[in-house]
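So the chains spell out like this:
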Amino acid sequence: MNHLSRLLSMLTILKSKRLITSTELANRFDVSVRTIYRDLKKLEESGVPIMCIEGRGYSLMDGYSVAPIMFDEMEVNALITAEQLIAKTNDDSLIKHFEQTLEKIKSVFRSNLQSQGELLQSKMRVFKQVSEEGKSASLTYLQLAITNFKVTEITYQTPAKSTTLRRIEPLAIYSLNDKWLIIGWCRLRQDYRVFRLDRIQHFNILEETFEDRNFDLRNYFMYCEQIESNP
């Protein structure tokens, strides 16, 4: 990658991330941290408003806009492939919002890439049986509840087919065996609980917010593994 390409890529990364460290950038481009410092200075000299937050990393000043991003053909192909894969997922909200997102992204494709993308789309299929059992329609909404710390009320069907009403503090989401699950602090049980999204019959994201519990998903899984290995 030449110097100009690296500067443009750095600008794109800075725009897409809230904070990134010089070490992360150096690893990304396989150059030294000193080289990254020089590149950041170059961008600043060209008028890019880069902010340095000591001990945390770099970011762009809010409100700064970058010229529309140009995609190459392999990047377009990756998006077309992702579109077909997500179309076979088992959450309708994810399918809907990805389609809306991709429509906006496609609007900046050059005309020749739009044609190439449409050609690939007509020559590719993803075969995956999607069962009605396990389907959900709440993933993208619950993601909002997680990132905005919103208390959420759910009507949940237990494995025994009984129904229970819970208020949870949504903390994290993961996928296992083609099913989405949400980890939340259950106010009824006063403990962490895991709920399958396909068993949520109704949900209501409340205006009430909760305090950040600094929940760490990696530590949670490590704890679960320890419990399983030491019954």
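Structure's up top.
Residues numbered from 1 in each chain as written. Predicted model: local features only at pLDDT ≥ 70, side-chain atom pairs only at ≥ 80, totals over all residues. Heavy atoms only, no water.

Caption draft 1: Looking closely at the packing of helix α1 (residues 3-16) against helix α2 (residues 22-29). Close contact between α1 and α2 brings their axes to 12 Å; oriented N to C, the two are set at 130°. The pairing of α1 with α2 is recorded here as oblique in orientation. Crossing handedness for the pair α1 and α2: right-handed. Judged by residue contacts, Arg 6, Ser 9, Met 10 and Ile 13 of α1 engage Leu 25, Arg 28 and Phe 29 from α2. (Axes fitted to C-alpha atoms, helices over the stretch in contact; angles between N-to-C directions. Helix = DSSP H or I, 4+ residues; strand = E, 2+ residues; numbered from the N terminus. Parallel < 35°, antiparallel > 145°, perpendicular 65-115°, else oblique. Left-handed = near helix turned anticlockwise from the far one by under 90°. Contact = heavy atoms within 4.5 Å.)

Caption draft 2: Looking closely at the pairing of strand β1 (residues 50-53). Note that β1 and strand β2 (residues 57-60) share four bridges and pair antiparallel. For Met 51, the partnering residue across the bridge sits in β2 and is Ser 59. The antiparallel pairing of β1 with β2 creates a hairpin that spans three residues between the two strands, and Gly 55 there sits at a positive phi of about 80°. (Pairing = 2+ DSSP bridges.)

Caption draft 3: The side chain of Thr 152, seen in detail. Tracing the backbone shows Thr 152 in strand β3 (residues 150-157). Residue class for Thr 152 comes out buried when judged on its relative accessible area of 0%. A polar contact is formed between the side chain of Thr 152 and the backbone oxygen of Lys 150, at a distance of 3.3 Å. Residues within four places of Thr 152 in sequence aside, it is in contact with Leu 142, Ala 145, Arg 166, Arg 167, Ile 168, Pro 170, Phe 203, Asn 204 and Ile 205. (Buried < 20%, exposed > 50% of the residue type's maximum accessible area, 1.4 Å probe, protein only. Polar contact = N/O pair within 3.5 Å; in protein donor to acceptor, adjacent residues only side chain to side chain.)

Caption draft 4: Representation of unusual backbone geometry. Positive phi outside glycine occurs at Asp 30, with the angle close to 55°. Position of Asp 30 relative to the elements: it lies in the loop between α2 and α3 (33-45). For Lys 161, which is not glycine, the phi dihedral falls at a positive 75°. Note on placement: Lys 161 falls in the loop between β3 and β4 (163-176).

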